[in-house]
Amino acid sequence: MLISWNITKACNLKCEHCYRDAGIAEHDELNLKEGKKLLREFKDLNFRLIIFSGGEPVLREELFQWIPFARELGLISVLGTNGTLIDEKCAGRLKQAGLKRLGISIDSVDEKKHDKFRCFDGAWKQAVRGMENARKAGLEVQVHTTVTKKNINEVLAVTDFAQNIGAQAHHIFFLVPTGRGKKIDDIIPGAQEYERLIEEILHKQKTVTLELKPVCAPQFVRIAKEKNIKTRFEKGCLAGISYACILPNGDVHPCPYMPINLGNVRNEGGFKKIWRENKVFEDLRGLKLHGKCGICEFKTLCSGCRAAAFHQSGGDYLAEDLNCNYEPKTKTNLENSQNITV
């Protein structure tokens, strides 16, 4: 059970693909007291891991009070950051507060490519320095990479970079066109390219010690099973099942990349009521999926990326995921039976 909380929309960068369209803080972001109440709800609902994200989360001073409060509750705190503001002082404060791990974005081993994607000269060098500062402070580090047609052939080079720098994990994000990402949907790789990359990632895992995980590409669970490749991840898409996202103002979404407002934590009943009673969560947990995802024999393992399906279909969060080119065996059997004449 994990939860992603975008604690602010403020950010010092203007990345091309930002799903939150971050830049300027919103006027109604949850305050310190509201945040602590939310953390208590996470604990009561048996969530275990909280991802503090943004925008750029270190721009909110309350972060350094929420992390130790989460630790008191028994929650594990990790941070999603662009890394450019993680100087020695910031890294030390995060460690002292009780943070376990930082996820820092590196989209290319070519710093110029990374800087262009992040729309900030020097972003790569500052992010790498942030990793070094984090490790010196005793924090775990994982590298995040967003896949596009521009960098798909160098993703595994980033894995080698992450291994060499001492990262614990490399999480590879398959771009979903939401927020500013809508403007660059023309550089999203196709299903065959994704399938090939996922296979390469799974085989690469055999040669490195750090953890590799494709994100927003739940078909990796199916591919691992087909190829008899062991992975500790047993479920593909977690949206609404064991995962949700809280926006800076308290709105609840099924995941960061699926902009369906399910209610606000400030309303009566708070997040608990939304998590337990909202119909969208109920639908996602019921796996009453449409198209080939609905008849796929890997449905319970994979579920298809619900966010990708939502955007591809124009708003159906139960639609089939077109990023997967697998044809279910049940579909073939169904078509064959329909072709039989008596």
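Residues numbered from 1 in each chain as written. Predicted model: local features only at pLDDT ≥ 70, side-chain atom pairs only at ≥ 80, totals over all residues. Heavy atoms only, no water.

Q: Which residues make up the sheet that holds strand 7 (residues 211–215), and what are the values?
A: In space, the 9 strands of this open sheet follow the order 7-6-5-4-3-2-1-8-9, with mixed pairing throughout. Two strands close off the open sheet at either side, each with one partner strand: strand 7 and strand 9 (252–253). For strand 3 (residues 76–81) and strand 4 (residues 101–105), the ladder comprises 4 bridges, and the chain directions are parallel. The residue bridging T81 from the neighbouring strand is I104, located in strand 4. (Pairing = 2+ DSSP bridges. Helix = DSSP H or I, 4+ residues; strand = E, 2+ residues; numbered from the N terminus.)

Q: An account of the packing of helix 2 (residues 63–73) against helix 3 (residues 88–97) is needed here, citing residue identities and associated values.
A: For the pair helix 2 and helix 3, the least separation of the axes is 8 Å and the interaxial angle reads 25°. If you check the angle between helix 2 and helix 3, you find them roughly parallel. Between helix 2 and helix 3, the residues in contact are L63, F64, I67, P68 and R71 and C90, R93, L94, Q96 and A97, respectively. For the contact of helix 2 with helix 3, a count of residues per class yields 7 nonpolar, 1 polar and 2 charged. (Axes fitted to C-alpha atoms, helices over the stretch in contact; angles between N-to-C directions. Parallel < 35°, antiparallel > 145°, perpendicular 65-115°, else oblique. Contact = heavy atoms within 4.5 Å. Nonpolar A, V, L, I, M, F, W, Y, C, P; charged D, E, K, R; others polar.)

Q: Outline the nonpolar core, listing residues and values.
A: Within the largest apolar cluster, 102 residues are counted, with the highest numbers of intra-cluster contacts made by W5, L39, F42, F52, L94 and F271. L94 has contacts with V58, L63, F64, I67, L79, I86, L99, L102 and L139, leaving out every residue within four places of it along the chain. Listed in part, the 5 residues of the second largest apolar core include L13, C15, C18 and A22. (Core = buried A, V, L, I, M, F, W, Y, C linked by side-chain atoms within 4.5 Å. Buried < 20%, exposed > 50% of the residue type's maximum accessible area, 1.4 Å probe, protein only.)

Q: Describe the environment of G181, with residues and values.
A: Note that G181 resides in the loop between strand 6 (169–174) and helix 7 (191–204). Separated by 23 residues in the primary sequence, G181 and V158 have C-alpha atoms spaced 21 Å apart. For G181, the contacting residues outside a window of four places in its chain are E16, H17 and C18.

Q: Could you give an account of helix 4 (residues 111–118), naming the residues involved and the relevant values?
A: Note that an α-helix has 3.6 residues per turn; residues three or four places apart therefore point the same way. All of the buried residues in helix 4 are H114, D115, F117 and R118. Viewed end-on, helix 4 has its buried residues packed into an arc of 165°, placing them on one side of the element. Turned more than 90 degrees away from the buried face of helix 4 sit K112 and K116, all of them exposed. Residues of helix 4 that are buried sit in contact with strand 4, helix 5 (123–136) and strand 5 (140–147). Just past helix 4, the residue C119 takes up positive phi, approximately 55°. (Arc of directions from axis to C-beta.)

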